[in-house]
Each structure stands twice: as structure tokens, then as C-alpha cells.
Amino acid sequence: MSKLLHTPQITCTVQTHGKSFAALLHLSKPHAPCLPLHNHLHLSPLLSPPPHAKSVFSLSRTNLSFTHSSKFVSPAAHRRSFSVTAFDDSSAPAAETQKPEQEQEAKEQESHAKKDGDYPSGEFEFEEFGVWKQFGVKLKMLVAFPWQRVKKGSVLTMKLRGQISDQVKSRFSSGLSLPQICENFIKAAYDPRISGIYLHIDSLSCGWGKVEEIRRHILNFKKSGKFIVGYVPTCQEKEYYLACACGELYAPPSAYFSLYGLTVQASFLRGVLDKVGVEPQVQRIGKYKSAGDQLLRKSMSEENCEMLTTILDNIYGSWIDEVSSTKGKKREDIENFINEGVFQVERLKKEGFITDIRYDDEVITMLKERLGVQTDKNLPLVDYRRYSRVRKWTLGLSGGKDLIAVIRASGAISRVKSPTSLPSSSGIIAEQIIEKIRVVRESKKFKAAIIRIDSPGGDALASDLMWREIRQLAASKPVIASMVDVAASGGYYMAMGTPTIVAEKLTLTGSIGVVSGKFNLGNLYEKIGFNKEIISRGKYAELLAAEQRPFRPDEAELFAKMADNAYKMFRDKAAFSRSMPVDKMEGVAQGRVWTGNDAASRGLVDAIGGFSRAIAIAKEKANIPQTNKVTLVELSRPSPSLPEILSGIGGSLVGVDTAMKELLRELTFAEGIQARMDGILYERLEGASFSNPILAMIKDYLSSL
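If you check an unreviewed UniProt entry, the protein appears there as Peptidase S49 domain-containing protein from Eucalyptus globulus.

Moving on to the overall build of the protein. The number of helices and strands found in the protein is 24 helices and 29 strands. Split into buried and exposed, the 705 residues of the protein put 54% on the buried side. Of the contacts made within the protein by residues no fewer than 6 positions apart, 76% connect residues no fewer than 24 positions apart. Of the roughly 30,700 Å² of accessible surface on the protein, 53% is carried by carbon and sulfur atoms.

The next subject is the packing of aromatic side chains. On inspection of all chains with the given rule, the structure shows 12 aromatic pairs. Between the aromatic rings of Phe124 and Tyr190, the centroid separation amounts to 6.4 Å while the plane-to-plane angle is 75°, which identifies the pairing as edge-to-face. With Phe124 in the loop between helix H1 (94-112) and helix H2 (131-142) and Tyr190 in helix H3 (residues 178-190), this pair connects stretches of sequence that are 66 residues apart. The class of Phe124 is buried, set by a relative accessible area of 18%. Of the aromatic side chains, those joined through ring pairs into one cluster are Phe124, Phe126, Phe129 and Tyr190. Between the NZ or CZ atom of Arg370 and the centre of the ring of Phe227, over which it lies, the distance is 5.3 Å. Across from the ring centre of Phe611, 5.1 Å away, lies the NZ or CZ of Arg408, which sits over that ring.

Moving on, we get to the nonpolar core. Ranked by internal contacts, the top residues of the largest apolar core, which has 72 residues, are Phe185, Leu199, Tyr240, Phe257 and Trp319. Of all the elements, helix H8 (residues 302-327) adds the most residues to this core, at 8 residues. Once residues within four sequence positions are removed from consideration, Leu199 is found in contact with Met158, Leu160, Phe185, Ile218, Ile228, Val229, Gly230, Tyr231 and Cys246. Ala409, Val440, Ile470 and Val588 belong to the second largest nonpolar core, which has 48 residues in total.

So, on to helix H17 (residues 553-577). In this model, H17 (25 residues) spans 36 Å end to end at C-alpha, consistent with the 36 Å of a helix rising 1.5 Å per residue. Following H17 by one or two positions, Ser579 has its phi on the positive side, about 55°.

With that settled, consider a nonpolar patch on the surface. Together, Trp132, Phe135, Leu139 and Leu142 line one region of the surface with nonpolar side chains, adding up to about 520 Å² of accessible area. Residue placement: Phe135 occurs in helix H2. Residue Phe135 is classed as partly exposed on the basis of its relative accessible area, which comes to 44%.

What follows is about the packing of helix H13 (residues 430-442) against helix H14 (residues 460-474). With their axes 10 Å apart at the nearest point, H13 and H14 run at an angle of 5° to one another. For the element pair H13 / H14, the angle class is roughly parallel. Between H13, through Ala430, Ile433, Ile434, Ile437, Arg438, Val440 and Arg441, and H14, the contact on the second element is made entirely by Ala462, Leu465, Met466, Glu469, Ile470, Gln472 and Leu473.

Counting buried residues along strand S17 (residues 402-410), 9 of its 9 residues qualify, which places the element largely inside the surrounding structure. Of the two faces of S17, the one lined by Asp402, Ile404, Val406, Arg408 and Ser410 and the one lined by Leu403, Ala405, Ile407 and Ala409 are each fully buried. Two elements, S17 and strand S28 (residues 630-634), share 5 bridges in a ladder whose sense is parallel. Counterpart to Asp402 in the pairing with S28 is Val630. Two strands pair when backbone bridges link them, and S17 and strand S20 (residues 446-455) are joined in this way by 8 bridges, in the parallel orientation. Counted as the bridge partner of Ile407 is Ile451 from S20.

Cut-offs applied
- Residues numbered from 1 in each chain as written.
- Predicted model: local features only at pLDDT ≥ 70, side-chain atom pairs only at ≥ 80, totals over all residues.
- Heavy atoms only, no water.
- Helix = DSSP H or I, 4+ residues; strand = E, 2+ residues; numbered from the N terminus.
- Buried < 20%, exposed > 50% of the residue type's maximum accessible area, 1.4 Å probe, protein only.
- Contact = heavy atoms within 4.5 Å.
- Areas by Shrake-Rupley, 256 points an atom, 1.4 Å probe, with all protein chains shown as cover.
- Phe/Tyr/Trp six-rings, centres within 6.5 Å; stacked < 30°, edge-to-face > 60°.
- Lys NZ or Arg CZ within 6 Å of the ring centre and 35° of its normal.
- Core = buried A, V, L, I, M, F, W, Y, C linked by side-chain atoms within 4.5 Å.
- Expected span 1.5 Å × (residues − 1).
- Patch = residues over 30% accessible without salt bridge, like charges linked within 9 Å, V, L, I, M, F, W, Y side chains within 5 Å.
- Salt bridge = Lys/Arg side-chain N within 4 Å of Asp/Glu carboxyl O.
- Axes fitted to C-alpha atoms, helices over the stretch in contact; angles between N-to-C directions.
- Parallel < 35°, antiparallel > 145°, perpendicular 65-115°, else oblique.
- Pairing = 2+ DSSP bridges.

Printed below as a string of C-alpha cells:
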């Protein structure tokens, strides 16, 4: 089923240096939206737009969908030098409509004019408690609930392994939570009952942004003077990046070490598709737009190779710099060591990469001796999950009277919740995020808000709706975007709705580009004896419905115009949001993915840092002194559901494998227009779960042949 779109004309008034110019923008003729390009062979007709929608501009995969009304504001203006207001015949007079927009633009001009060094650092400083505060903490510990009590002289143990979510976990949720990991480090630094931390680090499946955040908290904890001991049974670059920050590092004699360097890989299915008779018809705008390459090409493009090489150089260079600085070695020595292909644990000890070779029980015995615990007694240990239940109030770490709202948005973006998804399933549901944003905007108790984003994108319409709500929130109070592992495509779309964006230096972001397409299954149908006939009315009615044949020349021309128009809308809206001339935005767009450092140097990001820096900037914007404490209100904190409780108690009692849940969710939203970063890119660089599960299944099947 196809759908027609109404595209209005827009009159744009530009004021510069006291002069006024008017321009009438004629957008493209009504047409059907682009079919989203997915990394699988499932094709479904697009859903019809809601009846109240004025117009929909379609982008797919890493591309965005803009839904605008007659009061749409033109993004094609550089607000540092002039302002632009766009309106149609039904809009209010220019003098009335420009004033609030100019006021908002003035605020954003001030924000974007700053450089990274102009923002507060938010660096952690350990402060010794006075006598009276120590006495108050002891009293609070006496009245604490039993499950919040910890034996004096205990060692906090945390096992960092597998995936780490940026969402706050409920008591019954499984897996690790980055906010709770970081909070445990802070609590342990001040808790007089905690003598130190014993940190197990195993194979991680998270991005470099989360690794950087945890590493920062390890270094902050060491400022308390307490010990932190690391233990690594298996170790690659990401694990060692964390482990080397510990004061001491131990490994068993049989440990698997593979510090050989970093790689990024891209798989291509075009040859397979040709053999089975499937022809992908892809239209891309943006020379770095790699989404779709795995279906369209048989090898890596020159532009994609350039982009991936730059990203890999940034990550590898940062790893070398941080490790050499932490271990007190020259950069060249670290590189030479890696290039020797060292895997022997004895050599790692000899070269000073680990402290000693010991089994876990031997490390426990060593800690007993250090803490004066008798050998026949158990070392008092408190694990991550139990210590997460200790309240900060008990330790005298409660916040101040000023409230800052925290809205966490993690996972793939969807407009509504899938009827097949479990209550505990991850992902960004636009309806839920918008509801939280409106609560913050309408409440006077919140002084500022932080939007914490960890997403490669998803539904384009959902991204645009959240962008609109975030901008409205930013018009009433300070809003800071804090990026985690990735905030690209739809994720960056959300972030650019805020006046100030903070990212980790290795966060993947940007990806402003367009790719759309469909599959021609004619040859496949012929091979398997399948036939499909269509009766249609309207010249382009079969544009998306006729997958049994390729595009006609007029259909291909329309398809190309749609993609070009969609890209320009995406690019211009990004330029508008970042107070950047369109031609400058064009230079950093074109589908290119950037690391946080490179994005900051190109105006896509304002400051480099983690969550603590976002808090410091929010305090500055809200005129709260940096020395004052604030209370963070987690609006995304989940409430335990029955499936979560069953899952937490019985492990896999729910009976649904994680991969199958992701597959069902992917299929459910296969009809929406996507704004998603290339899944292969993120999967290979980050080892995270945002990649397309269907493509992963295809690759696994092919590898088994």
C-alpha cells in the first residue's frame, strides 16, 4: 500500500545587517515515502501517516524523518550572524513570530560560542568528612535497614563482564548498570566500612564510552587512599584499558591475554544476493553513508575505508596514550610490545603490565593478610548487587535542595512499544520519553535536565518528535545532552535538540546522511516458481509494492529526488540546531560517523567528558554554584515487572532467548522509516547489541556452510 504526501510551500524571511529578504521555497511534488532499507529480506508496506500529519519527509537507516506543520522554522540560517523564520500564509506576522525564536537563538548562540575549556570540568574531588559528619554517618548506619548494612572492614567486589546498560536497573533486573557501577565507586570511597575494592574484569560487550566512564571512576576512587585491586582471567584491549587503571593487577597463570591491536571489519552480502536472485536497489546521499554497503557492494568503498580508518586510529591512539601514561612507559614502547604479539603472562609481569601472577583464591589470601583477617576466617566481602542497595543518604552523600532531572534514552528508537515486547525489554520508546520530557518542562521543581543518550538511532519519526519536545524543554530551562557509547543518526538527532552536547572522546556520533531502497526479487521469484501480479491506480502506486520488478526510469528518478530532498532536510535541520552555516554542516555530514573528539573539533559536540561534567554544566546553566550539591532525579528508573521478577529469581524462567526477543522487536518495527547508524560499523567497533539480529543470523548461517 502506498501513501501520498502533501508538501506545502514555505516562505522564508531572512534578516541580516538590518536588511530583509524574502524567498519562496517550493518543495518537491507529492510523492510516496522511501521504503526503509533493512539488513534483511523482509519487505512490508509502509503504514499510512496519521490523518493530522501535514507532511512527512522520509529518510531511512541513518537518516531522519521530519514531520512539520505550518509553523516549521527554517534551519538554513547561521544564527551567529542572522536569524531565519519560516512561515506560510496561515502563520502569524513576522514581528510576532520572530521574537520568541530570537530569544531562544540568543541563548543558543551564547552556548555554542563557548569552547570545551570554558565549561566546568566536573572533576571529582575527594573531601574528608569532619568529626561531626562522621558521627552523623555512624548514627545513620545504626538505623539502616538490615539489607543496607555492611560489616566493617569489608571489601567491595564487582565483576564487570558482558553487556553494561546505561539504564538504572531495578532490584530484580539482571545484568550490569553503568549508573549503579559508578555510584558504587563513589559510595565506597566515602564508606568507612569499605576497606577497598576487588574488581574482576572479564570479556566486555560495551562501547568505549562506558569503558571511559568506568575508568574515570576507578581513578577517582583511588583519590580516597583506599586500595583497588584488579583481576583479569581474560584480557583484550578494552579490558586492559580498565584494568591498568587499578592500583594492582593480577592474573592467573593460564590467563588469556591478546593485546594484539584493534580491528574493524565489514561484511558484504551482494555476492550472495546475486546468487539467489535478489537485486538491492539503493539510493544514497552522502559519500560516507555506509549503511546499505553490505547489501549493495562486494567490497569496502574508498570513503567508508577512510572513515573507518580514522575512527580506528582515534581509538587505537587514545588506547596507546592512556596506557602509556598510566604505566609510565613511552608510547613507542607500548606499540612495540603490542607488535611483538606477546601472550605469555610471565612476560606481561616482567614488562610491568601486571603486578603479579596469582589465582583468585591467592588474591583473597593476600587481601586477608593486608586487612589482618585470620586465615581460617572468611574475608568480609560485599558484592555489587547488594552494595547497590546501600543508600547514599546512609553515607551522608545525599544531594541538595536543587533538583536536576535525568532522562536516560538507551537502545534502538521506536515510536510506540511493540505489543510483543516484554516490559523489561530495552529500547527508546518515544511516547515514554516525550511524557517524561513534558513532566520536566511543566514542573517548576526541576532546575535543569540531562538527556543521557546511548543509541545508534531507529525510527525517524520518533526521533523528530523527541527532538521537538527537547527543544521546547530547552526553551524553558537548561538541558544538556550527555552521550555514552553512541549517539548517531536518530541518537544524534535527539542530542542536537539541546543547546549543549557532552560526549566521551570515543563516543560514536554524527552519521548525518541518507540511504533508502528496496529489493527487486524478480529473479528469486522466477527461480522458486513464485508469481505476483498487481492491479494499481496512480502512476507511482507500484513504487514500493512491486518488488517483483526493478524501478521504471520515472520511478527511479522520483526515488532519487525523494532521497536528495530528505538528505537536505536532515542536513539543514542539523545546521539550524547547531547554529552552523549549511555549507559548513555539509562538510561534516554526508553520512560520516565521528568520534567525540573529532565531532567536538567540528562543532557537532560542545564538550568532552562524562556524566559528571554534564552535571557541572547543568549547574552552571541553572546558576547553581559548583560547590552546591544537587539531587539527581532519575525519571527513567524502572519499576519491577512480573517477567523481571521471574527472570531475576529463576534465571531463564521467562523462557525467551535474548536474541529471539530482539528479533521479534526488529520484525515488529520493520515497517517504520529508520534513522539508524550502520549496524556492522557499531557491532565491529563496539561489540554491542545494537546491530541487526537478522543480518547476524544470515552471517552465522553463511559461515556454517
